[in-house]
Amino acid sequence: MGEIIRADQVCMNFRMNVNHTTSMKEWVIAKLKRQLKYQDFYALKGVSFSVQRGEIIGIIGTNGSGKSTLLKVISGIYKPTAGTVVTAGRVAPMLELGSGFDYELSGSENIFLNGAIMGYSEDFLRSRYDEIVDFAELGEFIHQPLKTYSSGMMMRLAFSVATLVDPEILIVDEILAVGDERFQKKSYGRMMNLMGGGTTVLMVSHSLEQIREMCSRVLWLDHGTLRMDGETNAVCDAYHQFLSQ
Amino acid sequence: MKKEKSFGKSLVLFVLIYAAAVGLFYWIVRDDWRQTAVVTDPVNRDAVLPDLNAGDEIRQDFVLAADQLNELILYVNRQPGAPAEGKLTAEILSGEELLFRQEMAYGDLAEDGQMSVSVPADALPEKGTLLTLSLRAEGMVSFWYGQTRTAGKFAVKAETSGLRMNGEPRDGELVLSQRGSLLQPYMRYYWPAAAVLFLALTAIILWCHACAVQGKANAINGGLRLISQYSYLLKTLVLRDFKVKYKASVLGVLWSFLNPLLMTFVYMFVFSTLFRNSIENFVVYLMSGIILFNYFTEASNQGMISIVGNAGLITKVYMPKYIFPISKVLSSGINLLISLIPLMIMMALTGVRLSKSLLLLPVVLLFLILFCVGVSLILSAAMVYFRDIQFLWGILLTILNFLSPIFYPESIIPAKFLTLYHMNPMYQYLFFMRSIVLNGVSPNPVTYLYCILASGIALGIGLFVFRKSQSSFVLHL
């Protein structure tokens, strides 16, 4: 076991430029006129928690409560304005499936591209290649350029790559509805497999049902602060009550 | 224990590779760094002096421009059908002291009038001495002189002096070119410099190793770890860019080959019909310039938009962002390598002799690639904050294109601007390239120093700017 993620007083401040200067001329003029106004927006205000290896954490909260920002901070995309996040493993983000795909390349080329983006070695990807192709059920299409794929095929491929490479930390942002019902069942099974196999999972979902079913612990974010952190049913009940108020 | 052993092995490997590299480099540059050729630029052939009759004498003062003068080139004018009897006497004097004399029969003079006075080794004093060339003959022969020089398309008035006929000073100057070589001191410092570099590199390696053993962080180790961790991603991105580039085109990769060829023909057509130029082997001159500058244009433009263009990825997945500009510069590098093939073909067709200095091609390309990486890092970071950069850069590239000797000879630049002109890094890379491709000699160490400085400064600023700004990229994309 052991600690795999530690977030300590994480703050994320988005400094919003009220003037929206994107050209150098505008910026210089605004600077000279002292009209460069910023508006501070704190998406996270001092969030602290720690995650043990193998835990399945659900993150809930209303829209704009900072869930996605928290996931991005953990996966290293955002550098926190204040506070620290320490992760002790390879993070596989599934923030948006297929964000690393190139539509001109074939499915198989994209498997290697996407795997490389997640930081895997060529040998490792080769050893998993067949499994990934089988799981995605793309058949002969695997050698066609991605632009010929339907959106369902694309999602299946993305899901297969993201989950078949044994990530240590898997970050899932509302993406369990992949493909048709049969594939959804299969991907659900795959997720359960991963969770049983020791992968640490952080998932954001608006479906309390799903959270109750899969997670062992839930974080409830409310306007950038951690409102509740505890056992799944307790947090979900409290959240449910909060919503129905 | 096992780790220590493998470190010892790699240290031995380093020593062997270093020794081999230094030895190979010594073999390549040995002769080129010992002496460089000098050919002085004569005035234009504007007019002919009066005939030299028996007893007449032409004298021309000149400052010795070479450590070893091999020959003086003069232009003789003889009437068609003039008798072949008689002889011409050329003497080189220092003050009134005779240093050397050569006599030539009229019959031996070449048809086109070019005449060479070949000077034996050790006949002349040291470089910078004022000498006098004295010419005497027995009639029916005269010499070309001039008052102008050619600067590109134009003839400009030249400062001339030192021409006398029978003791009478005259305006203008004999058309006289000195050919010889300058002795260079560089090779004296070769082995000491190689030893110092070796000690410095060894010290760095040992320091990094000590840091790694003690588990201390260190910029070089950290960088190396990142490189080894993400080398596969880099390779994949480079190959992707290259594959996608020509995906939908019929000729595909052939375009990398055709593009410089076609551009060279266009420039050739324009510049050999509209402008007069005195460049030897203009095709190869032009093509080497076009290839290098095209690469710079493509790499910097691609690198510039690499961060903004990968916004979708950068806002969703974590990875070192350096990889985007670097992969763009490298994938353009594949094009650069392919476009060297038509250059080699042109060199073969125009009969450029192959020399060992061509082995220096990777060196100049490496300098250029590092320079492009630096520039791309700066541009891609700036582009995130100000999208205007792309328009500004387009204009700057055009200016730089005209400020680099791509399709014109360097000689059209007025002497007073030359120092400034040489500050352009692209000039240095072009000079290096042409030196090895056209002249078959390694440039002297000053050019290497310029190139190292230009690449190093660009890379240093690029890494600094990028490092400072990369964590806030994602907030501005």
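Residues numbered from 1 in each chain as written. Chains lettered and ligands numbered in written order. Predicted model: local features only at pLDDT ≥ 70, side-chain atom pairs only at ≥ 80, totals over all residues. Heavy atoms only, no water.

### Observations concerning helix H2 (residues 67-74) of chain A
All names here are of chain A. Counting buried residues along H2, 7 of its 8 residues qualify, which places the element largely inside the surrounding structure. Those residues of H2 lying buried are Lys67, Thr69, Leu70, Leu71, Lys72, Val73 and Ile74. A positive phi of about 90° marks Gly76, the residue just after H2. (Buried < 20%, exposed > 50% of the residue type's maximum accessible area, 1.4 Å probe, protein only. Helix = DSSP H or I, 4+ residues; strand = E, 2+ residues; numbered from the N terminus.)

### Observations concerning the domain arrangement of chain B
Once the domains are mapped, chain B shows domain 1 (40-183) and domain 2 (217-476). When each unit is reduced to the centre of its C-alpha atoms, the spacing between domain 1 of chain B and domain 2 of chain B is 45 Å. (Domains from an automatic or database assignment.)

### Re the packing of aromatic side chains
Here the structure, examined in full by the defined rule, presents 34 aromatic pairs over all chains. Each ring, one from A:Phe159 and one from A:Phe183, has its centre 6.3 Å from the other, and the planes form 80°; the classification is edge-to-face. Here A:Phe159 is found in helix H5 (residues 151-163), whereas its partner A:Phe183 is found in helix H6 (residues 181-196), with 24 residues between them in sequence. Accessibility assignment for this pair places A:Phe159 and A:Phe183 in one class, buried. For the ring pair B:Tyr18 and B:Phe198, a centre distance of 5.3 Å and an interplane angle of 45° mean the geometry is tilted. Remark: B:Phe198 occurs in helix H2 (residues 190-214) and B:Tyr18 occurs in helix H1 (residues 2-34); sequence separation between them is 180 residues. Residue classification places B:Tyr18 among the buried positions, given a relative accessible area of 13%. Three or more aromatic residues joined by ring pairs form one cluster here, namely B:Phe25, B:Tyr26, B:Trp33, B:Tyr190, B:Trp191, B:Phe367, B:Phe432 and B:Tyr448. The residue whose ring lies beneath B:Arg170 is B:Tyr145, and the NZ or CZ to ring-centre distance is 6.0 Å. A cation over a ring is seen here: B:Lys356 above B:Trp27, with NZ or CZ 5.1 Å from the ring centre. (Phe/Tyr/Trp six-rings, centres within 6.5 Å; stacked < 30°, edge-to-face > 60°. Lys NZ or Arg CZ within 6 Å of the ring centre and 35° of its normal.)

### A look at the nonpolar core
By size, the foremost hydrophobic cluster in this structure holds 135 residues, and its most contacted members are A:Leu157, B:Phe296, B:Met319 and B:Tyr429. No other element matches helix H9 (residues 361-385) of chain B, which puts 15 residues into this core. Aside from chain neighbours lying at most four places away, what touches B:Phe296 is B:Phe371, B:Cys372, B:Val375, B:Trp393, B:Leu397, B:Leu400 and B:Met426. With 35 residues, the next largest nonpolar core counts B:Tyr106, B:Leu124, B:Leu131 and B:Phe143 among its residues. (Core = buried A, V, L, I, M, F, W, Y, C linked by side-chain atoms within 4.5 Å. Contact = heavy atoms within 4.5 Å.)

### Let's talk about the pairing of strand E8 (residues 130-136) of chain B
Residue and element names in this part refer to chain B. By the criterion of burial, E8 is predominantly enclosed, with 5 of the 7 residues buried. In this sheet, E8 lies alongside strand E3 (residues 58-63) in antiparallel orientation, the contact comprising 6 bridges. Bridge assignment links Phe62 to a residue of E8, and that residue is Leu131. Bridge count for strand E5 (residues 87-94) against E8 is 5 bridges, and the pairing is antiparallel. Paired with Ile92 across the two strands is Leu133, which belongs to E8. (Pairing = 2+ DSSP bridges.)

### Re unusual backbone geometry
The phi angle of most residues is negative, glycine excepted, and most peptide bonds adopt the trans form. Even without glycine at this site, A:Gln9 takes up a positive phi of about 50°. Position of A:Gln9 relative to the elements: it lies in strand E1 (residues 3-17). Of note in the backbone geometry, B:Asn166 takes a positive phi value of approximately 50° without being a glycine. Among the structural elements, B:Asn166 can be located in the loop between strand E12 (163-165) and strand E13 (168-170).

### Side note on the interface of chain B and chain A
With 26 residues of chain B in contact, the opposing surface of chain A contributes 31 residues. Taken over both partners, the interface formed by chain B and chain A buries close to 2,500 Å², and the fraction arising from carbon and sulfur atoms is 66%. When the buried area of chain B at its contact with chain A is split by residue, B:Tyr232, B:Lys316 and B:Phe386 rank highest and sum to 26% of it. Inspection of the chain B/chain A interface yields 3 salt bridges. (Buried area = accessible area lost by both parts, 1.4 Å probe. Salt bridge = Lys/Arg side-chain N within 4 Å of Asp/Glu carboxyl O.)

### Here we look at the pairing of strand E4 (residues 68-77) of chain B
All names here are of chain B. Judged from the 6 bridges that link them, E4 and strand E15 (residues 176-183) form a sheet pairing that is antiparallel. Among the inter-strand pairings, Ile73 is bridged to a residue of E15, identified as Ser177. With 5 bridges joining them, E4 and strand E7 (residues 114-118) adopt antiparallel strand pairing. If you follow Tyr75 over to E7, its bridge partner there is Gln114.

### Some details on the confidence of the model for chain B
Looking at chain B as a whole, the pLDDT averages 88, with 97% of positions reaching at least 70. Model confidence for chain B, summarised as mean pLDDT per element, is weakest for strand E11 (residues 154-157) of chain B at 74 and strongest for H9(B) at 96. (pLDDT = per-residue confidence, 0-100.)

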